[in-house]
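Report on the structure
Each chain, letter by letter, is given below.
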Amino acid sequence: MISASLYAVLGVEREASRMDIIAAYQNLAPYCHPNSTLYAAYTFPIGNLTQQQYWHAINEAVVVLTVEELRVRYDLNMLQTCYPGNAFFGNCDEIFQCYFRNSCSVVVESPSVANGNQWIARNLETLRPTSDITITVAVDLEEMFTGTQKTLTYPRMRYIDGRSLTQMETVIVTIMPHMRHGMSLLFRGLGHENELGQGNLVVVLHVNPHPIFIVSGNDLLHKMAVPLSIAMLGGEVRVQTIDSQWLTILVQPASQSAQRQVIRFEGQGLHASGDVRGDMIVTITATIPRVPPHLRYDAHRILRAIEEYGNWSAIDEQ
């Protein structure tokens, strides 16, 4: 019994090169094309499919097995395909035109016939070159601040001795302190391989959201909530930096002219270049507490008195 795989549809080995896969497609596709009158199921690698079923299967096979990223995922059983359960939903005519140029509307003779109407294969050079591999690497903000290394293991299509093989590749990614979210690192020649050459590995940095800081260039923004009593009356609070130091902030009593306070700590941000660092910018916000029922009357009376005093003070200032 022939395995119901895309390799079996084309009649090629699992280690077939992309050139072999294209050649198999170019040999079989004209016979199962919807306009062909030459289809004979028993002459195909899988002999129990109708012409329409084979037409859909062979086009899905050439798409999946000639795109390295799809082929790797298929080899690792990580890609769900239409064959053998369902009809391929891709545009088979467009796929066919990628590998052939037609000189007639109906296939009436074998492509091997020297003269007359026939389908002529394109040169391999006109086909899509090998593809790069893009991998996103997640790092914590502390890791980006100090610099770190990440070991990546990923599937890669190799081309060895005329055979295409799916192998696991390992690479060490060095992340420097000056690197930022969204930056790309290029590793030449570590992408997929085929007859046309080697692709590249592209590693994209993704910095995980931090529970305290927001990155703005080289600066770190920190919105710090303090008790309402300190926000209104002033006091001292402590704040931790990205490198685990503790700094003291003297919160000034609130006034009409300054509803919030912003404190900038120079040189406490991220590394920029050399020994230069950005700043840590702390914005003080007040935490509004829940007032217990038995204190609501007194709290309301005191707050109203403070508000009225503030309104009169504003009038006096004018």
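What counts, and at which threshold
Residues numbered from 1 in each chain as written. Predicted model: local features only at pLDDT ≥ 70, side-chain atom pairs only at ≥ 80, totals over all residues. Heavy atoms only, no water. Disulfide = S-S within 2.5 Å. Salt bridge = Lys/Arg side-chain N within 4 Å of Asp/Glu carboxyl O. Buried < 20%, exposed > 50% of the residue type's maximum accessible area, 1.4 Å probe, protein only. Helix = DSSP H or I, 4+ residues; strand = E, 2+ residues; numbered from the N terminus. Polar contact = N/O pair within 3.5 Å; in protein donor to acceptor, adjacent residues only side chain to side chain. 1 Å grid on protein atoms, 1.4 Å probe; cavity = no way out; pocket = protein on both sides within 12 Å on 5 of 7 lines; lining within 4 Å. Points joined across faces, edges and corners; volume = space filled by probe spheres on them. Nonpolar A, V, L, I, M, F, W, Y, C, P; charged D, E, K, R; others polar. Axes fitted to C-alpha atoms, helices over the stretch in contact; angles between N-to-C directions. Parallel < 35°, antiparallel > 145°, perpendicular 65-115°, else oblique. Contact = heavy atoms within 4.5 Å. Phe/Tyr/Trp six-rings, centres within 6.5 Å; stacked < 30°, edge-to-face > 60°.

**Brief notes about the state of the cysteines**
By the definition in use, this model includes 0 disulfides. Left unpaired, Cys92 is separated from the closest cysteine sulfur, that of Cys32, by 9.2 Å.

**Let's talk about the pattern of salt bridges**
Considering all chains together, one arrives at 9 salt bridges under this definition. The salt bridge partner of Lys150 is Glu143, with a shortest N-O separation of 3.2 Å. The exposure class of Lys150 is partly exposed, given its relative accessible area of 21%. By relative accessible area, which is 23% here, Glu143 ends up partly exposed. Here the residues in one salt-bridge network are Arg156, Arg158, Glu169 and Glu193, joined through shared partners.

**Focus on the environment of Asn200**
With respect to the helices, strands and loops of the structure, Asn200 is situated in the loop between strand E8 (197–198) and strand E9 (201–207). Separated by 3.0 Å, the side chain of Asn200 and the backbone nitrogen of Gly189 make a polar contact.

**Focus on empty space enclosed by the protein**
In this structure the tally under the stated criterion is 1 cavity of 30 Å³ or more. Lining the largest cavity are Arg18, Leu65, Thr66, Val67, Glu68, Arg71, Met157, Ser164, Glu193 and Asn194. For the lining of the largest cavity, the class distribution of residues is 3 nonpolar, 3 polar and 4 charged.

**Focus on unusual backbone geometry**
Geometrically, the link from Tyr83 to Pro84 is a cis peptide bond, its omega value of 10 degrees lying close to zero. Along the chain, Pro84 turns up in the loop between helix H4 (68–75) and helix H5 (92–99). Residues other than glycine seldom take positive phi values, yet Asn77 does so here, at roughly 60 degrees. The topology assignment puts Asn77 in the loop between H4 and H5. A relative accessible area of 74% places Asn77 in the exposed class. The backbone phi angle of Ser244 is positive, close to 70 degrees, even though this residue is not glycine. Tracing the backbone through its elements, the reader meets Ser244 in the loop between strand E12 (235–240) and strand E13 (246–251).

**What about the packing of helix H3 (residues 51–66) against H4?**
For the pair H3 and H4, interaxial distance at closest approach is 5 Å and the crossing angle is 100 degrees. Relative to H4, the element H3 lies roughly perpendicular. Along its contact with H3, which presents Val63, Val64, Leu65 and Thr66, the element H4 presents Glu68, Leu70, Arg71 and Tyr74. Taken together, the residues of the contact of H3 with H4 sort by class into 5 nonpolar, 1 polar and 2 charged.

**So, the packing of aromatic side chains**
Counted according to the given criterion, the structure contains 7 aromatic pairs. With 5.9 Å between their ring centres and 35 degrees between their planes, Phe88 and Phe89 make a pair best called tilted. The exposure class of Phe88 is buried, given its relative accessible area of 13%. Overall, Phe89 belongs to the exposed group, its relative accessible area being 72%. Of the aromatic side chains, those joined through ring pairs into one cluster are Tyr39, Phe44 and Tyr54.

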